[in-house]
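Coordinate inspection notes
Each chain, letter by letter, is given below.
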Amino acid sequence: VIELPILAAAAKVDTGDTAWMLVATALVLLMTPALGLFYAGLVRSKNTLNTFMMCVAAIAVAAVTWALIGYSLAFDGDAPLIGGLDHVGLHDVTFEPREGTTIPHLVFMVFQATFCIITVALVSGAVVERMRFGAFLVFAALWSVLVYAVLAHWAFGGGWLIEGGTLDFAGGVPVEMASGFSALAAALVVGARKDYGRQALLPHNGIYVLIGAGLLWFGWFGFNGGSGFSTGNASVLAFTNTLLTPACSLLMWFALDLIRGRKVTAIGAATAIIVGCVLITPAGGFIAPGWAMLLGAVGALPCYAVIVLRPRTRVDETLDVLAAHGIAGLTGILFIGFFAQLAWNDVADGLLYGNAAQLGDQVLAALAAPAYAFGVTYLLLRVIGAVMPLRASERDETLGMDVVQHGEEAYSTGEGAILVTPEAGVEAEVPVKPI
Amino acid sequence: VAVKLVIGIVRPEKANDVLEALYRAEVRGLSMSRVQGHGGELDRVETYRGTTVKVGLAEKVRFEIAVSDPFVEPTIDALREGARTGEVGDGKIFVVPLERAVRIRTGETDVGAVTPVGE
């Protein structure tokens with residue numbers, strides 16, 4: 001009897017797991033346009049399209065770099081620092097399951113691709129309203145490989161953190177701390193907007209911000225719920241915690257807003273949703289629902305503090321990626337060290353359940369990931385900046401990035417617009433008859 | 001003393017600088033509105049899918065400031081100081097005589113009507 005290899009492989013694929021992971025992948029991809037909406041609402045109206053376009057660009061650039069090289073560097077082999085080149089150009093990534101999973105390797109790869117994409121998009125929040133679009137494209141391509149793929153290898157792909165015992169369920173290291181601390185570096189290298197600290201730079205559309213946050217939360221069920229790569233217990237736990245933690249962050253944010261300004265703010269609520277989702281990202285499949293709720297409430301405190309204090313500095317980290325992602329991700333990573341519970345996760349206990357070593361592993365990640373992300377991003381932008389200008393001229397910044405970089409406006413009225421070329425398929429001259 | 005209406009049409013991005021300059025010149029009563037206009041600056045080309053257009057009208061902010069005669073020059077100076085960039089499209093200032101001015105609350109007229117409360 002000749003055993004067909006394709007059938008042997010098919011036997012190892014679980015259809016239920018695969019079905020869920022296909023859906024989860026689409027959910028995570030939705031998070032990037034959702035982030036575009038969230039960010040676009042937070043900037044001034046003259047920069048709406050450019051801000052959204054940075055997220056669209058992240059999809060275009062990071063999907064390609066991921067397929068070409070990023071996936072291989074992140075997930076080929078278990079060398080401590082960086083993966084191998086066996087999967088370059090998706091070589092050998094097929095329908096057979098990746099080792100240790102019950103889903104086709106292609107599904108695993110494309111699920112991870114959406115993580116790389118959203119992380120690149122997140123960093124743009126630090127430099128909106130002044131970074132040149134072309135320079136951002138170059139930065140996105142290089143950053144997705146040099147920072148994201150490397151940290152994904154450390155935490156997910158068999159690198160030194162995961163092998164050393166660090167627990168990171170859905171990306172506290174490569175997604176949240178990487179984007180947050182890279183955002184800080186990017187803000188420092190690119191520099192503040194010219195009006196920063198001189199004029200009130202306010203969100204132009206709070207509804208975009210709320211819809212964006214809502215869609216991000218929706219997508220996050222795929223992000224966390226898919227990070228078990230199955231429909232197993234870890235995924236179910238993470239999925240559940242993705243509701244509970246942000247809800248508690250929201251309540252804590254309401255309370256903090258009340259204490260600080262006597263009013264609960266909507267932009268604050270949208271921020272709290274993101275913070276809660278980020279807090280539970282690393283911990284989702286490792287901690288009990290009760291602890292997840294505590295994480296939502298307590299974890300909101302340092303993020304709130306950074307959001308309040310950062311605008312009083314000269315660092316124009318424009319959309320507070322450091323606070324909402326860097327600090328929240330770091331908090332979530334450390335929280336695992338205390339509250340991880342073998343009875344719930346089948347992997348390891350934390351300090352509270354008698355395993356102090358786990359906290360040590362978590363602290364290591366909380367030191368290494370920010371240092372690497374900050375350092376490499378800083379150097380990378382310095383190098384790109386030596387080759388091409390990173391930011392638009394003052395005049396262009398004044399006019400707005402939409403008109404200058406894209407030749408479009410988000411809210412064009414058509415008043416005063418003279419047609420130059422007629423739209424294809426429409427008669428060039430339609431006689432206008434008075435009625 | 002006669003009363004004049006000073007109309008300043010400026011770049012929207014310079015509106016804050018104008019407000020600041022007016023405040024320093026102690027000109028306190030004003031209104032502003034968003035308008036669209038054309039004053040000889042280059043057209044902007046925009047493309048939406050297959051449609052390319054030249055946008056001839058630019059966003060401007062229009063200040064309307066009613067002042068008594070001694071305040072006309074300081075108002076003009078403040079508008080110029082706040083709004084000027086040196087590029088085409090900085091805007092215009094028009095000064096027109098006012099036949100009457102009435103403060104609705106008190107019925108004061110002319111200079112009384114345009115003098116801010118508390119001075």
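Heads up: the structure comes first, above all this text.
Note that the structure is predicted; figures quoted are calculated from it, not measured.

Side-chain pairs of opposite charge can arise where the charged atoms are in close proximity. Tallied over the full model, the rule gives 18 salt bridges over all chains. Linking Arg34 of chain B and Glu59 of chain B is a salt bridge whose minimum nitrogen-to-oxygen distance equals 3.4 Å. Linking Arg34 of chain B in strand β2 (residues 31-37) with Glu59 of chain B in strand β5 (residues 58-68), this pair joins segments that are 25 residues apart in sequence. Residue classification places Arg34 of chain B among the exposed residues on the basis of a relative accessible area of 62%. Put simply, Arg62 of chain B and Glu64 of chain B hold a salt bridge, and the shortest N to O gap is 3.4 Å. Under the relative-accessibility criterion, Glu64 of chain B is labelled partly exposed at 27%. What you see here is one network of salt bridges that share partners, running through Arg44, Glu129, Arg130, Arg193, Lys194, Asp195, Arg198 and Asp316 of chain A.

Right, let's talk about helix α11 (residues 289-309) of chain A for a bit. All names here are of chain A. An ideal rise of 1.5 Å per residue puts 30 Å on 21 residues; α11 measures up with 31 Å between its terminal C-alpha atoms. If you look at α11, its biggest bend is around 30°, right at Leu301, and the proline Pro302 turns up within four residues after that. The complete set of buried residues in α11 reads Ala292, Leu295, Gly296, Ala297, Gly299, Ala300, Cys303, Tyr304, Ile307 and Val308.

Once that is clear, we can look at the sheet that holds strand β6 (residues 91-97) of chain B. All names here are of chain B. Here four strands make up an open sheet; going across it, the order is β2-β5-β1-β6 and the pairing antiparallel. The two strands at the open ends of the sheet, each matched to only one other strand, are β2 and β6. Averaged over all pairs of adjacent strands, the angle between their axes in this sheet comes to 25°, without regard to strand direction. Across seven bridges, the pairing between β2 and β5 is antiparallel. Bridge pairing in β5 places Ser33 opposite Arg62.

Rules of the game
- Residues numbered from 1 in each chain as written.
- Chains lettered and ligands numbered in written order.
- Predicted model: local features only at pLDDT ≥ 70, side-chain atom pairs only at ≥ 80, totals over all residues.
- Heavy atoms only, no water.
- Salt bridge = Lys/Arg side-chain N within 4 Å of Asp/Glu carboxyl O.
- Helix = DSSP H or I, 4+ residues; strand = E, 2+ residues; numbered from the N terminus.
- Buried < 20%, exposed > 50% of the residue type's maximum accessible area, 1.4 Å probe, protein only.
- Expected span 1.5 Å × (residues − 1).
- Bend = angle between axes of the 7 residues up to and from the residue.
- Pairing = 2+ DSSP bridges.
- Axes fitted to C-alpha atoms, helices over the stretch in contact; angles between N-to-C directions.

Geometry only, nothing functional implied.
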